[in-house]
Structure formats: C-alpha cells, structure tokens
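Architecture and fold: a report
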Amino acid sequence: MLDPLADEYLQADEEDPALFFTAAYNEFSGPVFGYLRARGVDDPEAVTQDVFLALYPKLDSLRGGLQGAKTLLFSIAHARMVDHYRKRERTPDSAPYESDLDSRRAPSAEDQAFGHGEGLGVTELLADLNPDYREVLALRVVADLSLEETAAIMGKSQGAVKQLQRRALSALRERALLRNGTS
C-alpha cells in the first residue's frame, strides 16, 4: 500500500524528478533494505543506497508512477544481490568468528531483535531453504511485492511463483513444527 505522503509528492509536481525520487525513496527504501538483508547481503544499507543511485538516472524514462519505480527498484536490488554473491565467490574466505572462544556472553541488540538467541531468526529460517524458496519469500513477504512483480523479477510465470511460495511456506511450517517438538 502506497503512503499518502507519496501521493502528495506526486500531486505537487509529477514532472519534478527530485520530488518523485524522494517519494520513491520514502516509500521503498525500507522494503528494499529488508529484501537485501533477508537475502544475506553483507552490507544491505550500502547496497540499498546503490540501488537508489541506480534509479535516479532512469527517472526520466520511467513509466508507471510509484508502482513502476517499485518494480524497477526491486529488479535493480535483485541484480545487486546477484552481483554480491558473484563477488563473494571470487573473494577469498576470511577467518570466521568463533563465538565459543569469545568469553563475552551478552547478546547483541541485533541478536535479540532477530531472535537469534532462541534460534528463530528470519535469516536462520531462510538459510536452509531451497534458493528459489528463499527468493520467493524474500520478494513476496519481506519486500511485499505483488505476484506479477515477483514473477517478472524471478523470470518465472505467476503460477510457478504461486507454487514456489506455497511450497516455501509449507517447508517453513514443517520446520516450525520440528523445532517445537510437534509432529
């Protein structure tokens, strides 16, 4: 659902790219950040900024208002996420942090917010899923994209996206039951 302030920006001057960019940023920066974070991008804030920098020069040719901007933004975000993983494959491994060797035991604010202490973090839940399942959940649930937008970004039919989402949610449900000890 688009923010009412976004409509005010657009009504003020639909031809002004700066106002349109501000409206798009205010409306979609949070969902773009959430999508990138859910997909495991190392620095989702920096990549979010990169996504919006890539949008700005395309504003003159953009069609479809804020919905068009949303589709374009998530297409750019998806491409940046793919670039991130390609770069990661070419980068040598660094030494992982060994939490067992660290004597500090207070959980971080991030761990508390994302439920890592209880093993129920969003990133943890998505980590073991099939890559297509992770992608469809990140786009549909985290980024709140429509079925059509998700299908366009993933290069699949709407029916395939529906099926992937159903299977992904079923896999998460099974995991929740297993973690709670219920069968």
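This write-up is about the structure you can find in this document.

Conventions adopted
- Residues numbered from 1 in each chain as written.
- Predicted model: local features only at pLDDT ≥ 70, side-chain atom pairs only at ≥ 80, totals over all residues.
- Heavy atoms only, no water.
- Helix = DSSP H or I, 4+ residues; strand = E, 2+ residues; numbered from the N terminus.
- Buried < 20%, exposed > 50% of the residue type's maximum accessible area, 1.4 Å probe, protein only.
- Contact = heavy atoms within 4.5 Å.
- Areas by Shrake-Rupley, 256 points an atom, 1.4 Å probe, with all protein chains shown as cover.
- Salt bridge = Lys/Arg side-chain N within 4 Å of Asp/Glu carboxyl O.
- Expected span 1.5 Å × (residues − 1).
- Arc of directions from axis to C-beta.
- Core = buried A, V, L, I, M, F, W, Y, C linked by side-chain atoms within 4.5 Å.
- Lys, Arg positive; Asp, Glu negative; His and termini not counted.
- Polar contact = N/O pair within 3.5 Å; in protein donor to acceptor, adjacent residues only side chain to side chain.

Here's the deal with the overall build of the chain
Across its full length, the chain carries nine helices and zero strands. Going residue by residue from the N terminus, the α and β elements of the chain occur as α-α-α-α-α-α-α-α-α. Counting only residues that meet the buried cut, the chain has 33% of its 183 residues in that class. Of all intrachain contacts in the chain linking residues separated by at least 6 positions in sequence, the fraction that spans at least 24 positions is 62%. Per element, the accessible surface of the chain, about 11,400 Å² overall, is 52% carbon and sulfur.

What about the pattern of salt bridges?
Applying the stated criterion to the full structure yields four salt bridges. Notably, a salt bridge pairs Arg39 with Glu135, separated by 2.6 Å at the nearest N-O pair. Residue Arg39 is found in the loop between helix H2 (17-38) and helix H3 (44-55), and its partner Glu135 is found in helix H7 (residues 131-142); the two are separated by 96 residues along the sequence. There is no split in this pair, since Arg39 and Glu135 are both buried.

Thoughts on helix H9 (residues 158-179)
Along its 22 residues, H9 runs 32 Å from first to last C-alpha, staying within 8% of the 32 Å computed at 1.5 Å per residue. Listed as buried for H9 are Val161, Leu164, Gln165, Ala168 and Leu172. Each buried residue of H9 sits inside an arc of 100° when the element is viewed along its axis, so together they form one side. What points out from H9, more than 90 degrees from its buried face, is the exposed set Lys162, Arg173, Glu174 and Leu178.

Focus on the nonpolar core
Val32, Tyr35 and Leu36 are the most contacted members of the largest nonpolar core, which totals 41 residues. In terms of residue count, H2 provides more of this core than any other element does, nine residues in total. If we skip the residues at most four places from it in the chain, Tyr35 touches Phe74, Ala77, His78, Met81, Glu135, Ala138, Leu139, Val142 and Ala143.

Focus on helix H4 (residues 65-90)
Compared with the 38 Å implied by 1.5 Å per residue over 26 residues, the 38 Å span of H4 between its first and last C-alpha is a close match. Taken together, the buried positions of H4 are Leu66, Gly68, Ala69, Lys70, Leu73, Phe74, Ile76, Ala77, His78, Met81 and His84.

A word on the side chain of Glu149
Along the chain, the position of Glu149 falls in helix H8 (residues 147-154). Although Glu149 is buried, it makes no salt bridge; Lys70 carries the closest opposite charge, 4.0 Å away. Among the polar contacts made by the side chain of Glu149, one reaches the side chain of Thr71 at a distance of 3.2 Å. Not counting chain neighbours up to four residues away, the residues in contact with Glu149 comprise Gln67, Lys70 and Thr71.

Here's the deal with unusual backbone geometry
Phi at Asp144 is positive, roughly 60°, even though this residue is not glycine. Examined against the element boundaries, Asp144 turns out to sit in the loop between H7 and H8. A residue is classified by how much of its surface remains accessible, and Asp144, at 45% relative accessible area, is partly exposed.

Describing the environment of Asn130
Tracing the chain through its elements places Asn130 in the loop between helix H6 (122-127) and H7. On a C-alpha basis, the gap between Asn130 and Leu164 in space is 9.9 Å, while along the polypeptide they are 34 residues apart.

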